[in-house]
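So the chains spell out like this:
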Amino acid sequence: MSKNLRYWLWLQMALGEGARIKEILEDFGSARNLFDANILYWKMSPALVPKQIYRLESTALEDTEEIIYTCRQNGWNIIDYEDERYPERLREISNPPAVLYTDGDFPDIDSTVAIGIVGTREASEYAVKVTEIMSRGVAGCGAIVVSGGALGVDSAAHRGAIMCGGKTIAVLGCGLGSNYLYENKSLRDSIKNNGALVTEFPPFTKAAKFTFPLRNRIISALSLGVLVVEAGVKSGSLITANYALEQGRDVYAVPCSILSPKFAGTNKLINDGATVAVKPADLLYPYAERYNLDLSKIKSVEQLMSETADKNANVPKSEDKFSFEMLEEGRKNREKHRRAAAELSGNSLAVYNALTDEFQHIDVIAEKCSLSASAVLSALTALEIADLAVSAGGKRYKQS
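Counting restarts for each chain: residues are numbered from 1 in the order of the written sequence. With pLDDT at 70 or above as the cut-off, local features in this predicted model cover only qualifying residues; side-chain atom pairs require 80 or more to be listed or tallied, and sums for whole chains, interfaces and linings still use all residues. Only heavy atoms go into the side-chain values, all of them from the structure, while hydrogens and water stay out.

Enquirer: How would you summarise the packing of helix H8 (residues 125-139) against helix H9 (residues 153-163) if you had to cite specific residues and measurements?
Expert: Axis lines are fitted to C-alpha atoms, over the contacting stretch for helices. Their N-to-C directions set the angle, which ranges from 0 to 180 degrees. Secondary structure elements are taken from DSSP: a helix is a run of H or I of four residues or more, a strand is a run of E of two residues or more, and numbering for both begins at the N terminus. Orientation of H8 relative to H9, taken along the N-to-C sense of each, is 40°, at an axis distance of 7 Å. Crossing of H8 against H9: the hand is right-handed. In this structure, H8 contributes Ala127, Val128, Thr131, Glu132, Ser135, Arg136 and Ala139 to the contact, and H9 contributes Val153, Ala156, Ala157, Arg159, Gly160, Ala161 and Met163. Gly is put with the polar residues, along with every residue not named as nonpolar or charged; the nonpolar set is Ala, Val, Leu, Ile, Met, Phe, Trp, Tyr, Cys and Pro, and the charged set is Asp, Glu, Lys and Arg. When grouped by side-chain class, the residues that make up the contact of H8 with H9 number eight nonpolar, three polar and three charged. Handedness of each helix crossing follows the sense of rotation of the near helix against the far helix: counterclockwise by less than a right angle gives left-handed, clockwise gives right-handed. Working rule for contacts: check all heavy atoms of both residues, and any pair within 4.5 Å makes them a contact.

Enquirer: Describe the sheet that holds strand S10 (residues 360-361), and please don't skip the residues or the numbers.
Expert: For two strands to be treated as a pair, DSSP must find at least two bridges joining them. Taking strand neighbours across the sheet as the criterion, the three strands line up as S10-S12-S11 in an open arrangement whose pairing is antiparallel. Two strands close off the open sheet at either side, each with one partner strand: S10 and strand S11 (389-392). By the bridge criterion, two bridges tie S10 to strand S12 (residues 396-399) in an arrangement that is antiparallel. Among the inter-strand pairings, His361 is bridged to a residue of S12, identified as Arg396.

Enquirer: So, the sheet that holds strand S3 (residues 114-119): which residues are in play, and what are the values?
Expert: Strand order across the open sheet formed by nine strands is S1-S2-S6-S5-S4-S3-S7-S8-S9, with mixed pairing between neighbours. Whereas interior strands pair on both sides, the edge strands pair on one side only; in this sheet they are strand S1 (77-80) and strand S9 (275-276). Bridge count between strand S4 (residues 144-147) and strand S5 (residues 168-171): three bridges; the pairing is parallel. Pairing of Val145 across the sheet is with Thr168, part of S5. Here H8 sits on the sheet in contact with S3, S4 and strand S7 (225-229), set at roughly 160° to S7.

Enquirer: Tell me about the state of the cysteines, and name the residues and values.
Expert: Two cysteine sulfur atoms make up a disulfide if the distance between them is within 2.5 Å. As enumerated under the stated definition, the model contains zero disulfides in all. Counting only cysteine sulfurs, Cys174 is the nearest neighbor of Cys71, a cysteine outside any disulfide, at a range of 14 Å. The structure places no disulfide on Cys164, whose sulfur is separated from the nearest cysteine sulfur, that of Cys141, by 8.8 Å.

Enquirer: Lay out the side chain of Arg215 with the relevant residues and their values.
Expert: Along the chain, Arg215 falls in helix H11 (residues 211-222). Buried means the residue's accessible area, taken with a 1.4 Å probe over protein chains only, is under 20% of the maximum for its type, while exposed means over 50%, and partly exposed covers the values in between. Counting rule applied: Lys, Arg positive; Asp, Glu negative; His and chain ends not counted. Put simply, a salt bridge is a Lys or Arg side-chain nitrogen that is within 4 Å of an Asp or Glu carboxyl oxygen. Buried Arg215, no salt bridge; nearest opposite-charge side chain is Asp154, N-O distance 4.2 Å. Other than its neighbours up to four places away in sequence, Arg215 contacts Gly148, Ala150, Asp154, Val171, Leu172 and Gly173.

Here's what the structure looks like:
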(Lines give C-alpha, C1' and ligand atoms only; values in the text may rest on other atoms or scores of the structure.)
Protein backbone atom coordinates (compact mmCIF):
# COMPACT_ATOMS: atom_id res chain seq x y z
CA MET A 1 0.00 0.00 0.00
CA SER A 2 1.46 3.34 -1.01
CA LYS A 3 1.70 6.12 1.56
CA ASN A 4 -0.81 8.26 -0.31
CA LEU A 5 -3.39 5.54 -1.01
CA ARG A 6 -6.06 7.21 1.12
CA TYR A 7 -5.84 10.40 -0.96
CA TRP A 8 -6.29 8.51 -4.22
CA LEU A 9 -9.26 6.65 -2.76
CA TRP A 10 -10.67 9.96 -1.58
CA LEU A 11 -10.31 11.39 -5.08
CA GLN A 12 -12.08 8.44 -6.65
CA MET A 13 -14.85 8.39 -4.06
CA ALA A 14 -15.45 12.10 -4.56
CA LEU A 15 -15.40 12.29 -8.37
CA GLY A 16 -16.53 8.77 -9.24
CA GLU A 17 -15.15 6.05 -11.49
CA GLY A 18 -14.18 7.15 -14.97
CA ALA A 19 -13.57 10.76 -13.94
CA ARG A 20 -11.06 12.59 -16.11
CA ILE A 21 -8.37 13.12 -13.52
CA LYS A 22 -5.54 13.83 -15.97
CA GLU A 23 -6.34 17.58 -16.14
CA ILE A 24 -6.64 17.73 -12.35
CA LEU A 25 -3.26 16.06 -11.88
CA GLU A 26 -1.67 18.40 -14.41
CA ASP A 27 -2.86 21.33 -12.29
CA PHE A 28 -2.29 19.93 -8.78
CA GLY A 29 0.36 17.25 -9.32
CA SER A 30 -1.17 14.53 -7.12
CA ALA A 31 -4.22 13.55 -5.11
CA ARG A 32 -2.40 14.55 -1.90
CA ASN A 33 -1.66 18.01 -3.27
CA LEU A 34 -5.28 18.39 -4.32
CA PHE A 35 -6.47 17.43 -0.84
CA ASP A 36 -4.04 19.86 0.81
CA ALA A 37 -4.85 22.75 -1.50
CA ASN A 38 -6.90 25.72 -0.37
CA ILE A 39 -10.55 25.54 -1.45
CA LEU A 40 -10.09 28.93 -3.08
CA TYR A 41 -7.47 27.35 -5.34
CA TRP A 42 -9.96 24.61 -6.21
CA LYS A 43 -12.38 27.30 -7.35
CA MET A 44 -9.68 29.04 -9.38
CA SER A 45 -8.56 25.85 -11.12
CA PRO A 46 -9.84 25.37 -14.71
CA ALA A 47 -9.64 21.60 -14.14
CA LEU A 48 -12.51 21.57 -11.63
CA VAL A 49 -16.17 22.44 -12.11
CA PRO A 50 -18.49 23.53 -9.26
CA LYS A 51 -20.14 20.10 -8.98
CA GLN A 52 -16.75 18.43 -8.53
CA ILE A 53 -15.70 20.99 -5.92
CA TYR A 54 -18.90 20.32 -3.98
CA ARG A 55 -18.21 16.57 -4.06
CA LEU A 56 -14.60 17.04 -2.97
CA GLU A 57 -15.76 19.18 -0.05
CA SER A 58 -18.41 16.62 0.88
CA THR A 59 -16.07 13.61 0.94
CA ALA A 60 -14.04 12.98 4.10
CA LEU A 61 -10.66 11.25 4.06
CA GLU A 62 -11.95 8.98 6.82
CA ASP A 63 -14.55 7.61 4.42
CA THR A 64 -11.78 5.59 2.76
CA GLU A 65 -11.03 3.50 5.86
CA GLU A 66 -13.92 1.09 5.34
CA ILE A 67 -12.74 0.24 1.81
CA ILE A 68 -9.17 -0.35 2.99
CA TYR A 69 -10.40 -2.56 5.83
CA THR A 70 -12.69 -4.57 3.55
CA CYS A 71 -9.91 -5.21 1.06
CA ARG A 72 -7.50 -6.28 3.78
CA GLN A 73 -10.06 -8.70 5.23
CA ASN A 74 -10.63 -10.32 1.84
CA GLY A 75 -7.03 -10.36 0.65
CA TRP A 76 -7.71 -7.89 -2.16
CA ASN A 77 -5.05 -5.44 -3.30
CA ILE A 78 -5.51 -1.73 -3.97
CA ILE A 79 -3.16 -0.18 -6.50
CA ASP A 80 -3.27 3.60 -6.71
CA TYR A 81 -2.13 5.87 -9.53
CA GLU A 82 1.32 6.49 -8.08
CA ASP A 83 1.93 2.89 -7.01
CA GLU A 84 4.84 1.28 -8.91
CA ARG A 85 2.53 -1.63 -9.76
CA TYR A 86 0.11 0.66 -11.59
CA PRO A 87 0.35 -0.08 -15.36
CA GLU A 88 1.99 2.65 -17.42
CA ARG A 89 -0.38 1.73 -20.24
CA LEU A 90 -3.26 2.94 -18.09
CA ARG A 91 -1.50 6.17 -17.20
CA GLU A 92 -1.33 6.97 -20.93
CA ILE A 93 -5.09 7.29 -21.45
CA SER A 94 -7.15 10.44 -20.94
CA ASN A 95 -9.22 9.10 -18.03
CA PRO A 96 -7.12 6.59 -16.09
CA PRO A 97 -8.59 5.09 -12.90
CA ALA A 98 -7.40 6.72 -9.68
CA VAL A 99 -7.19 3.25 -8.12
CA LEU A 100 -7.48 -0.38 -9.16
CA TYR A 101 -8.74 -3.23 -7.00
CA THR A 102 -7.19 -6.61 -7.80
CA ASP A 103 -7.68 -10.20 -6.70
CA GLY A 104 -4.97 -12.65 -7.66
CA ASP A 105 -1.51 -12.10 -9.07
CA PHE A 106 -1.68 -8.95 -11.19
CA PRO A 107 1.19 -9.35 -13.68
CA ASP A 108 3.67 -6.72 -14.81
CA ILE A 109 1.65 -6.08 -17.90
CA ASP A 110 3.85 -3.30 -19.26
CA SER A 111 6.71 -5.72 -19.85
CA THR A 112 4.86 -8.20 -22.01
CA VAL A 113 2.32 -8.57 -24.80
CA ALA A 114 -1.30 -8.35 -23.73
CA ILE A 115 -4.09 -9.08 -26.19
CA GLY A 116 -7.66 -8.08 -25.45
CA ILE A 117 -10.30 -10.50 -26.73
CA VAL A 118 -13.94 -9.42 -26.64
CA GLY A 119 -17.23 -10.32 -28.29
CA THR A 120 -20.87 -11.16 -27.81
CA ARG A 121 -22.32 -12.83 -24.74
CA GLU A 122 -24.60 -14.85 -27.05
CA ALA A 123 -21.69 -16.50 -28.80
CA SER A 124 -22.25 -19.16 -31.44
CA GLU A 125 -20.38 -22.47 -31.27
CA TYR A 126 -18.14 -21.12 -34.00
CA ALA A 127 -17.27 -18.02 -31.98
CA VAL A 128 -16.55 -20.04 -28.85
CA LYS A 129 -14.20 -22.39 -30.73
CA VAL A 130 -12.45 -19.54 -32.56
CA THR A 131 -11.99 -17.60 -29.34
CA GLU A 132 -10.54 -20.54 -27.44
CA ILE A 133 -8.16 -21.30 -30.32
CA MET A 134 -6.97 -17.68 -30.57
CA SER A 135 -6.62 -17.38 -26.81
CA ARG A 136 -4.72 -20.65 -26.46
CA GLY A 137 -2.47 -19.68 -29.31
CA VAL A 138 -1.41 -16.31 -27.94
CA ALA A 139 -1.27 -17.37 -24.27
CA GLY A 140 0.82 -20.40 -25.21
CA CYS A 141 3.49 -18.01 -26.49
CA GLY A 142 3.56 -16.01 -23.26
CA ALA A 143 1.07 -13.26 -24.07
CA ILE A 144 -1.52 -12.24 -21.49
CA VAL A 145 -5.18 -12.52 -22.51
CA VAL A 146 -7.37 -9.65 -21.29
CA SER A 147 -11.15 -9.81 -21.38
CA GLY A 148 -14.24 -8.79 -19.43
CA GLY A 149 -15.22 -11.90 -17.46
CA ALA A 150 -18.68 -12.04 -19.06
CA LEU A 151 -20.46 -14.91 -20.74
CA GLY A 152 -19.84 -16.05 -24.31
CA VAL A 153 -16.67 -14.81 -25.99
CA ASP A 154 -15.18 -13.37 -22.78
CA SER A 155 -15.46 -16.68 -20.94
CA ALA A 156 -14.01 -18.58 -23.90
CA ALA A 157 -11.06 -16.17 -24.00
CA HIS A 158 -10.25 -16.71 -20.33
CA ARG A 159 -10.72 -20.48 -20.61
CA GLY A 160 -8.41 -20.71 -23.60
CA ALA A 161 -5.59 -18.98 -21.73
CA ILE A 162 -6.06 -21.12 -18.62
CA MET A 163 -6.23 -24.35 -20.64
CA CYS A 164 -2.69 -23.89 -21.91
CA GLY A 165 -1.27 -22.72 -18.59
CA GLY A 166 -1.16 -19.07 -19.64
CA LYS A 167 -2.04 -15.86 -17.83
CA THR A 168 -5.32 -13.98 -18.13
CA ILE A 169 -6.86 -10.83 -16.68
CA ALA A 170 -10.58 -10.24 -16.25
CA VAL A 171 -11.54 -6.57 -16.05
CA LEU A 172 -14.86 -6.51 -14.23
CA GLY A 173 -17.79 -4.15 -14.61
CA CYS A 174 -18.58 -4.54 -10.91
CA GLY A 175 -16.76 -4.54 -7.59
CA LEU A 176 -14.84 -7.48 -6.16
CA GLY A 177 -17.19 -9.61 -4.08
CA SER A 178 -20.20 -8.81 -6.24
CA ASN A 179 -22.50 -11.70 -7.10
CA TYR A 180 -22.85 -10.56 -10.70
CA LEU A 181 -23.09 -13.64 -12.95
CA TYR A 182 -22.80 -16.03 -10.04
CA GLU A 183 -22.87 -18.90 -12.54
CA ASN A 184 -19.43 -17.72 -13.70
CA LYS A 185 -17.93 -17.77 -10.20
CA SER A 186 -15.90 -20.94 -10.81
CA LEU A 187 -14.32 -19.34 -13.88
CA ARG A 188 -13.49 -16.17 -11.94
CA ASP A 189 -11.84 -18.34 -9.28
CA SER A 190 -9.74 -19.98 -12.01
CA ILE A 191 -8.82 -16.59 -13.44
CA LYS A 192 -7.48 -15.24 -10.14
CA ASN A 193 -5.41 -18.43 -9.79
CA ASN A 194 -3.97 -17.89 -13.27
CA GLY A 195 -3.76 -14.10 -13.33
CA ALA A 196 -6.05 -11.55 -11.75
CA LEU A 197 -9.48 -10.03 -11.46
CA VAL A 198 -9.22 -6.25 -11.89
CA THR A 199 -11.74 -3.45 -11.40
CA GLU A 200 -11.87 0.25 -10.61
CA PHE A 201 -15.19 -0.16 -8.76
CA PRO A 202 -15.13 -0.37 -4.94
CA PRO A 203 -15.87 -3.73 -3.32
CA PHE A 204 -19.39 -5.11 -3.76
CA THR A 205 -20.40 -2.47 -6.32
CA LYS A 206 -23.20 -3.94 -8.45
CA ALA A 207 -22.95 -4.10 -12.22
CA ALA A 208 -25.04 -1.54 -14.11
CA LYS A 209 -25.37 -0.29 -17.67
CA PHE A 210 -22.89 2.54 -17.09
CA THR A 211 -20.22 0.32 -15.53
CA PHE A 212 -19.49 -1.73 -18.65
CA PRO A 213 -18.37 1.09 -20.98
CA LEU A 214 -16.06 2.26 -18.18
CA ARG A 215 -14.70 -1.27 -17.86
CA ASN A 216 -14.17 -1.51 -21.63
CA ARG A 217 -11.72 1.40 -21.72
CA ILE A 218 -9.52 -0.48 -19.23
CA ILE A 219 -9.60 -3.69 -21.27
CA SER A 220 -8.33 -1.82 -24.33
CA ALA A 221 -5.84 0.29 -22.38
CA LEU A 222 -4.12 -2.74 -20.85
CA SER A 223 -3.85 -4.39 -24.27
CA LEU A 224 -1.51 -3.74 -27.19
CA GLY A 225 -4.19 -5.01 -29.55
CA VAL A 226 -7.87 -5.89 -29.22
CA LEU A 227 -9.46 -8.80 -31.09
CA VAL A 228 -13.23 -8.67 -31.67
CA VAL A 229 -14.99 -12.00 -32.22
CA GLU A 230 -18.67 -11.88 -33.17
CA ALA A 231 -20.22 -8.55 -32.26
CA GLY A 232 -23.32 -6.63 -33.19
CA VAL A 233 -23.19 -3.25 -34.91
CA LYS A 234 -24.26 -1.68 -31.63
CA SER A 235 -22.43 -3.58 -28.93
CA GLY A 236 -20.05 -3.20 -26.02
CA SER A 237 -17.36 -4.96 -28.06
CA LEU A 238 -17.40 -2.17 -30.64
CA ILE A 239 -17.22 0.35 -27.80
CA THR A 240 -14.06 -1.42 -26.69
CA ALA A 241 -12.73 -1.30 -30.25
CA ASN A 242 -13.42 2.44 -30.43
CA TYR A 243 -11.61 2.97 -27.13
CA ALA A 244 -8.69 0.98 -28.53
CA LEU A 245 -8.49 3.27 -31.56
CA GLU A 246 -8.66 6.38 -29.36
CA GLN A 247 -5.88 4.98 -27.19
CA GLY A 248 -3.64 4.12 -30.14
CA ARG A 249 -4.09 0.37 -29.83
CA ASP A 250 -4.39 -2.06 -32.73
CA VAL A 251 -7.81 -3.48 -33.60
CA TYR A 252 -8.31 -6.97 -35.05
CA ALA A 253 -11.46 -8.78 -36.09
CA VAL A 254 -12.40 -12.33 -36.99
CA PRO A 255 -14.60 -12.31 -40.12
CA CYS A 256 -18.21 -13.23 -39.47
CA SER A 257 -20.62 -15.00 -41.80
CA ILE A 258 -22.57 -12.59 -43.97
CA LEU A 259 -25.56 -14.80 -43.18
CA SER A 260 -25.43 -13.66 -39.52
CA PRO A 261 -26.54 -10.01 -39.62
CA LYS A 262 -26.86 -10.05 -35.82
CA PHE A 263 -23.06 -10.13 -35.67
CA ALA A 264 -22.34 -7.75 -38.53
CA GLY A 265 -20.25 -5.54 -36.23
CA THR A 266 -17.06 -7.52 -36.82
CA ASN A 267 -17.37 -7.26 -40.61
CA LYS A 268 -18.07 -3.55 -40.23
CA LEU A 269 -14.83 -3.20 -38.26
CA ILE A 270 -12.96 -4.87 -41.11
CA ASN A 271 -14.59 -2.54 -43.63
CA ASP A 272 -13.52 0.37 -41.43
CA GLY A 273 -9.89 -0.75 -41.42
CA ALA A 274 -9.49 -3.32 -38.65
CA THR A 275 -6.89 -6.00 -39.35
CA VAL A 276 -8.29 -9.41 -40.22
CA ALA A 277 -7.12 -12.10 -37.81
CA VAL A 278 -7.49 -15.75 -38.82
CA LYS A 279 -4.74 -17.32 -36.72
CA PRO A 280 -2.96 -16.56 -33.42
CA ALA A 281 0.20 -15.52 -35.25
CA ASP A 282 -1.68 -12.54 -36.71
CA LEU A 283 -2.03 -11.16 -33.19
CA LEU A 284 1.59 -11.71 -32.15
CA TYR A 285 3.83 -10.87 -35.10
CA PRO A 286 3.54 -7.08 -34.69
CA TYR A 287 4.92 -7.22 -31.12
CA ALA A 288 7.25 -10.23 -31.19
CA GLU A 289 10.53 -8.40 -31.72
CA ARG A 290 9.81 -5.61 -29.24
CA TYR A 291 8.84 -8.03 -26.46
CA ASN A 292 11.15 -10.94 -27.35
CA LEU A 293 8.38 -13.44 -28.00
CA ASP A 294 9.47 -16.91 -29.06
CA LEU A 295 7.50 -17.26 -32.29
CA SER A 296 8.63 -20.87 -32.66
CA LYS A 297 6.00 -21.71 -30.04
CA ILE A 298 3.13 -20.42 -32.16
CA LYS A 299 0.78 -23.23 -33.08
CA SER A 300 -1.33 -23.31 -36.21
CA VAL A 301 -5.10 -23.33 -36.11
CA GLU A 302 -5.01 -26.96 -37.27
CA GLN A 303 -2.76 -27.98 -34.37
CA LEU A 304 -4.92 -26.16 -31.84
CA MET A 305 -8.09 -27.66 -33.29
CA SER A 306 -6.71 -31.18 -33.08
CA GLU A 307 -5.86 -30.61 -29.42
CA THR A 308 -9.32 -29.39 -28.53
CA ALA A 309 -11.41 -31.50 -30.90
CA ASP A 310 -14.75 -32.43 -29.41
CA LYS A 311 -14.96 -36.20 -29.71
CA ASN A 312 -18.70 -36.08 -29.32
CA ALA A 313 -19.27 -33.54 -32.08
CA ASN A 314 -21.86 -34.73 -34.57
CA VAL A 315 -20.13 -33.58 -37.74
CA PRO A 316 -21.60 -34.78 -41.05
CA LYS A 317 -19.19 -36.92 -43.04
CA SER A 318 -18.12 -35.85 -46.49
CA GLU A 319 -19.77 -38.87 -48.11
CA ASP A 320 -23.20 -37.97 -46.69
CA LYS A 321 -25.58 -37.04 -49.49
CA PHE A 322 -28.94 -35.33 -49.57
CA SER A 323 -31.78 -37.57 -50.61
CA PHE A 324 -35.53 -37.42 -50.93
CA GLU A 325 -35.80 -39.52 -47.76
CA MET A 326 -33.64 -37.06 -45.81
CA LEU A 327 -35.65 -34.06 -47.03
CA GLU A 328 -38.92 -35.79 -46.18
CA GLU A 329 -37.65 -36.70 -42.73
CA GLY A 330 -36.62 -33.09 -42.18
CA ARG A 331 -40.07 -31.87 -43.24
CA LYS A 332 -41.78 -34.28 -40.82
CA ASN A 333 -39.51 -33.18 -37.96
CA ARG A 334 -40.26 -29.52 -38.61
CA GLU A 335 -44.00 -30.23 -38.63
CA LYS A 336 -43.67 -32.21 -35.39
CA HIS A 337 -41.78 -29.32 -33.73
CA ARG A 338 -44.33 -26.81 -35.00
CA ARG A 339 -47.22 -28.74 -33.44
CA ALA A 340 -45.39 -29.21 -30.15
CA ALA A 341 -44.44 -25.51 -29.99
CA ALA A 342 -48.07 -24.50 -30.63
CA GLU A 343 -49.10 -26.30 -27.44
CA LEU A 344 -46.65 -24.40 -25.20
CA SER A 345 -47.77 -21.85 -22.64
CA GLY A 346 -46.48 -19.91 -19.64
CA ASN A 347 -42.78 -20.09 -18.84
CA SER A 348 -42.17 -22.84 -21.40
CA LEU A 349 -43.48 -20.63 -24.20
CA ALA A 350 -41.49 -17.60 -23.00
CA VAL A 351 -38.28 -19.61 -22.80
CA TYR A 352 -38.85 -21.30 -26.16
CA ASN A 353 -39.38 -17.91 -27.82
CA ALA A 354 -36.10 -16.70 -26.29
CA LEU A 355 -34.14 -19.60 -27.78
CA THR A 356 -32.40 -19.25 -31.13
CA ASP A 357 -30.57 -21.62 -33.45
CA GLU A 358 -27.33 -20.75 -31.63
CA PHE A 359 -26.38 -21.82 -28.12
CA GLN A 360 -27.01 -19.29 -25.36
CA HIS A 361 -26.09 -19.43 -21.69
CA ILE A 362 -28.98 -19.94 -19.28
CA ASP A 363 -28.33 -16.52 -17.71
CA VAL A 364 -28.80 -14.82 -21.09
CA ILE A 365 -32.06 -16.71 -21.61
CA ALA A 366 -33.25 -15.77 -18.11
CA GLU A 367 -32.47 -12.12 -18.77
CA LYS A 368 -34.47 -12.20 -22.02
CA CYS A 369 -37.47 -13.78 -20.29
CA SER A 370 -37.23 -11.81 -17.03
CA LEU A 371 -37.41 -15.14 -15.19
CA SER A 372 -35.26 -16.66 -12.47
CA ALA A 373 -32.57 -19.13 -13.47
CA SER A 374 -34.41 -21.93 -11.68
CA ALA A 375 -37.66 -21.19 -13.56
CA VAL A 376 -35.78 -21.14 -16.86
CA LEU A 377 -34.00 -24.40 -16.07
CA SER A 378 -37.32 -26.08 -15.27
CA ALA A 379 -38.80 -24.86 -18.56
CA LEU A 380 -35.72 -25.96 -20.51
CA THR A 381 -35.96 -29.44 -19.03
CA ALA A 382 -39.54 -29.68 -20.27
CA LEU A 383 -38.51 -28.37 -23.69
CA GLU A 384 -35.73 -30.93 -23.95
CA ILE A 385 -38.17 -33.73 -23.12
CA ALA A 386 -40.46 -32.38 -25.86
CA ASP A 387 -37.48 -32.35 -28.25
CA LEU A 388 -37.80 -28.57 -28.65
CA ALA A 389 -34.44 -27.68 -27.12
CA VAL A 390 -30.96 -29.14 -26.97
CA SER A 391 -28.21 -28.46 -24.46
CA ALA A 392 -24.45 -28.19 -24.63
CA GLY A 393 -21.71 -27.90 -22.04
CA GLY A 394 -21.57 -24.82 -19.86
CA LYS A 395 -25.36 -24.55 -19.38
CA ARG A 396 -25.99 -23.43 -22.96
CA TYR A 397 -29.14 -24.17 -24.90
CA LYS A 398 -30.67 -23.65 -28.33
CA GLN A 399 -33.76 -24.66 -30.28
CA SER A 400 -33.60 -28.21 -31.61
